Amino acid sequence: MSFIIERLAIIGVGLIGGSLARALREAGAVGSVVGIGRSRTNLEDALSLGICDDITQDALEGVKGADMVFISVPVCSIPAVVAEIAPALAPGCIVTDGGSVKTAIVRECEAIMPTGCHFVGGHPIAGTEHSGAAASFATLYRGKRCILTPTKHTDPAALETVARLWRLAGADVCSMEPGHHDRIFAEISHLPHAVAYALVHAVGTADVEGENVLSYTAGGFRDFTRIASSDPVMWRDISLMNREALLASIDGFSASLAELRRRIDNGDQAGLTEFFTTAKKFRDGIV
Ligand code: NAP
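Keep in mind that what you see is a predicted model, and the values were worked out from it rather than measured.

A.B. asks: Teacher, can you tell me more about the environment of F70 here?
C.D. replies: With respect to the helices and strands, F70 occurs in strand β4 (residues 68–71). Accessibility expressed as a relative area gives 1% for F70, which makes it buried. Residues F70 and V162 lie 92 residues apart in sequence; the distance between their C-alpha atoms is 9.8 Å. The residues contacting F70, other than those within four sequence positions of it, are L8, A9, I10, I11, I16, G17, L20, T96, D97, G98 and W166.

Right under this line is the structure:
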């Protein structure tokens, strides 16, 4: 039997990499999967959960003979990982990633790729606030979007193979330019995470007559702040790598919050109703 990918190497077998491996195995799209990572414990979890056939902490050894390498480590580490594995890549190998920021990753990884190997940037729009191989599951990508970010340097056949795999994992695939991706995700993902972290930070350090106010939180606060439980290293990296676009989004949000503050301060009933009604309309319009 021939597979779309005979040997898939996953670097960073966590929620994103582990879920892709599980989905592709279920779809019968890959022959074998080698898991590569830093800690032995997570790799052993991946092996015992049947996500991988082989595991190794040696990235150069792990990518040998792979026809595809999927990189799902925190975004700031992705270019360094690609630079490390580049000398060991087999001719024709496709390297792709699931990082949440694209401009810097695509630029740096394209520049590193050895002749005859191909880089395709990607970002599955799916996730949870949990991390590690044990948090992964095969249906994570079902019905979710996966954005690929080709450039004029992208090999069309490699792009099509990556798109085909994501479709087999259940995702709806679309393409956009890396900078466009980063500006959109600064608004709809990176800003909400920054706001959730800042909100919990503010409330967690608030001093109301010595009370621990967090002990009074109910459903609304928990729903709104769920994403502040996400991995701090992942969000440190995303904030730094998408710095410019995120700062612009934070400035837009600060202006909106300042406007809301002004209307509250002025006792502006009509202005507050209008502000909340406009926001509710936007929210209710999300399908
Ligand atoms: P995760 O569950 O923490 O998995 C990351 C894995 O990478 C861990 O198993 C970690 O294991 C390993 N790792 C970390 N640094 C490494 C390095 N330098 N070399 C080799 N392995 C390394 O994180 P995730 O949620 O899957 O996120 C992975 C990527 O997907 C990130 O780039 C993120 O931006 C992107 N993404 C995440 C989501 C989401 O909602 N979580 C959604 C879309 C995209 P060890 O510590 O044992 O090495």
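A.B. asks: Is there a simple way to think about unusual backbone geometry in this case?
C.D. replies: A negative phi holds for most residues other than glycine; trans holds for most peptide bonds. Backbone geometry at E209 places phi at a positive 50 degrees, although glycine is not the residue there. Looking at the element boundaries, E209 is found in the loop between α7 (178–204) and α8 (219–225).

A.B. asks: In this structure, what is going on with the sheet that holds β4? I would like to understand it.
C.D. replies: Remark on secondary structure: sheet strands pair via backbone hydrogen bonds, oriented parallel or antiparallel. Reading across the sheet, the six strands line up as β3-β2-β1-β4-β5-β6 and stay open at both edges, with parallel pairing between neighbours. Each having just a single partner strand, β3 (54–56) and β6 (118–120) make up the two edges of the open sheet. Neighbour-to-neighbour, the strand axes of this sheet turn through a mean angle of 20 degrees, independent of strand direction. One ladder, built from four bridges, connects β4 with strand β5 (residues 94–97); its direction is parallel. Residue pairing across strands places M68 opposite I94, the latter belonging to β5.

Here is what the cut-offs are and how they apply
Residues numbered from 1 in each chain as written. Predicted model: local features only at pLDDT ≥ 70, side-chain atom pairs only at ≥ 80, totals over all residues. Heavy atoms only, no water. Helix = DSSP H or I, 4+ residues; strand = E, 2+ residues; numbered from the N terminus. Buried < 20%, exposed > 50% of the residue type's maximum accessible area, 1.4 Å probe, protein only. Contact = heavy atoms within 4.5 Å. Pairing = 2+ DSSP bridges. Axes fitted to C-alpha atoms, helices over the stretch in contact; angles between N-to-C directions.

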